[in-house]
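Listed below are the residues making up each chain.
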Amino acid sequence: MTVMLAIRNLTRRFPARRSLADLLRGRPRQAVHAVEQVSLDVHRGETLGIVGESGCGKSTLARCLVRLHTPDAGSLAFEGADVLALEGPARRAYNRRVQMVFQDPYSSLNPRLTVGETLAEALHVHAIVPKADIPARVRALLDLVHLPHDAAARRPHEFSGGQRQRIGIARALAVEPHLIIADEPVSALDVSVQAAIVNLFMELQDRLGLTLVFITHDLRLVRHMTHRVAVMYLGRIVEVGPTAALFAAPRHPYTQALIRAVPQVKPGRRTTEAAVIGELPSPLEPPPGCAFHPRCPLADATCRRDIPVLEGRGGAWDVACHQA
Ligand SMILES: Nc1ncnc2c1ncn2[C@@H]1O[C@H](COP(=O)(O)OP(=O)(O)O)[C@@H](O)[C@H]1O
Ligand SMILES: [Mg+2]
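My aim in this report is to walk through the structure given alongside it, one point at a time. Here the residue numbers are simple positions, counted from 1 along each chain's written sequence. Here the convention is simple: chains get letters from A, ligands get numbers from 1, in the order in which they are written. Selection of residues for local features in this predicted model requires a pLDDT of at least 70, selection of side-chain atom pairs for listing and counting requires 80 or more, and totals for whole chains, interfaces and linings are taken over all residues. Side-chain numbers here rest on the full set of heavy atoms in the structure, without hydrogens or water.

**Things to note about the sheet that holds strand β1 (residues 3-15)**
Backbone hydrogen bonds hold the strands of a sheet together, and the pairing may be parallel or antiparallel.
Then comes step 1: Reading across from one edge, β2-β1-β4-β5 is the order of the 4 strands in this open sheet, with antiparallel pairing throughout. Strand pairing shows two members of the sheet lacking a second neighbour, β2 (31-43) and β5 (81-82), which therefore form its edges.
Then comes step 2: With 9 bridges joining them, β1 and β2 adopt antiparallel strand pairing. Counterpart to V3 in the pairing with β2 is H43. Two strands make a pair as long as DSSP finds a minimum of two bridges between them. Helix and strand definitions follow DSSP, with helices as H or I runs of at least four residues and strands as E runs of at least two, each counted in order from the N terminus.

Printed below as a string of structure tokens:
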């Protein structure tokens, strides 16, 4: 196994808005701790799931990885190169090699361009194929995502949500990326369509040997499609491990709670999103010690005082918990 992307101690905070009252009282400006000290390896050829409740920092992490955000601290190494130091052509090469697929492809597709023009533009900007070969490559890309060739002549608004996500995926694939980061790529879609898109990701990962980071708040999605899963809580990774093992015997109390909360799909019964034990604390003032301690049944004095680090135990399965 080769490490493609090595994330080390990545941290990103945002200045919080201050109310007038705060300002008048001279309260110091607070920071939203969106991503705190995240360390994680992405292995070549794997699908890595990143899961956690809404607001836990998944998108901020993804945006740091594609350099839409600059981290406040930490490092990123892609295929051995220091990503944060890249400039000029090397930075553009990185931007091509690492592609993002968004939750809502509509907002990232130019509504005035036909699908064929959008794909051709990506191929042209990065000089992927000679100009004469662009139409054939556009058709090949549509084949890959199972859209008919006549889709090339239509504009984004003419497609359904699922079809638009296929276009978003085709555009990401157009520039021959080494790594795709998909941030909640099916969360805006009907459940019936979600499975088709998840299957498409699995198929592409297998056929093209893609490396895929699949980000979602929905644990059910990662269970069958990822090789490994990383669980985030309030900006930190609390557990990472091989998917099957982690689902069978989660070690972190938060992972355990998340897995218990996954609604069981029973025929004839409607499922609802089950709530995890209480509210997510504010990322403005994360609890001291282990940020999960106010919701944790096992918490003791150590947990309230010391931040647990993600133990690298030499294995592929790490957990940040004093009690595990
Ligand atoms: N651009 C921003 N400015 C200020 N706060 C932000 C910004 N982006 C995200 N946040 C805050 O950072 C935290 C993590 O957000 P996000 O990364 O979007 O989480 P997730 O994708 O897991 O839902 C949230 O509290 C969110 O409000
Ligand atoms: Mg998000």
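**Notes on the sheet that holds strand β7 (residues 179-183)**
Then comes step 1: The 7 strands are arranged β6-β7-β8-β3-β9-β10-β11 in an open sheet whose pairing can be described as mixed. The sheet is open, and its two edges are formed by β6 (98-101) and β11 (318-319), each paired on a single side.
Then comes step 2: Strand direction decides the pairing type here: strand β9 (residues 228-233) and strand β10 (residues 236-242), joined by 6 bridges, are antiparallel. Note that in β10 the partner of R228 across the bridge is P242.
Then comes step 3: Here, residues are in contact when the closest pair of their heavy atoms is within 4.5 Å. A fitted line through C-alpha atoms represents every axis, and for helices the fit uses only the stretch in contact; the resulting angles, taken between N-to-C directions, go from 0 to 180 degrees. Packed onto the sheet, helix α8 (residues 191-208) meets β3 (47-51), β6, β7 and β8 (211-216) and runs at close to 160° relative to β8.

**Quick look at the pattern of salt bridges**
Then comes step 1: By definition, a salt bridge exists where a carboxyl oxygen of Asp or Glu is found within 4 Å of a side-chain nitrogen of Lys or Arg. In this structure the tally under the stated criterion is 14 salt bridges.
Then comes step 2: As a salt-bridge pair, E184 and K58 come within 4.0 Å of each other at their nearest N and O atoms. Taken as a pair, E184 in the loop between β7 and α8 and K58 in helix α2 (residues 58-65) lie far apart in primary sequence, 126 residues in all.
Then comes step 3: Note on exposure labels: buried denotes an accessible area under 20% of the residue type's maximum, exposed denotes more than 50%, and partly exposed covers the range between, all computed with a 1.4 Å probe on protein chains only. For E184, a relative accessible area of 10% corresponds to the buried category.
Then comes step 4: Exposure remark for K58: the relative accessible area of 6% places this residue in the buried category.

**Some thoughts on empty space enclosed by the protein**
Then comes step 1: The definitions used throughout rest on a 1 Å grid laid over the protein atoms alone, on which a cavity is an enclosed set of points accommodating a 1.4 Å probe that cannot get out and a pocket is an open set flanked by protein within 12 Å on both sides along at least five of seven lines; lining residues are those having an atom within 4 Å of a point. Grid points are joined across faces, edges and corners, and a volume is the space filled by probe spheres set on the points. Throughout the structure, instances matching the rule amount to 2 cavities of 30 Å³ or more.
Then comes step 2: Volume-wise, the largest cavity comes out at about 90 Å³.
Then comes step 3: Here the lining of the largest cavity gets 3 residues from one element, more than from any other, and that element is β10.
Then comes step 4: Amino acids outside the nonpolar list (Ala, Val, Leu, Ile, Met, Phe, Trp, Tyr, Cys, Pro) and the charged list (Asp, Glu, Lys, Arg) are all regarded as polar, and Gly is one of them. Among the residues making up the lining of the largest cavity, the classes are represented as 9 nonpolar, 1 polar and 1 charged.
Then comes step 5: Within this model, the second largest cavity holds a volume of roughly 60 Å³.
Then comes step 6: Taken together, H252, P253, C290, F292, H293, C296, A299, C303, P308, C321, H322 and Q323 make up the full set of residues lining the second largest cavity.
Then comes step 7: Looking at side-chain class alone, the lining of the second largest cavity contains 8 nonpolar, 4 polar and no charged residues.

Just geometry here; none of it tells us what the structure is for.
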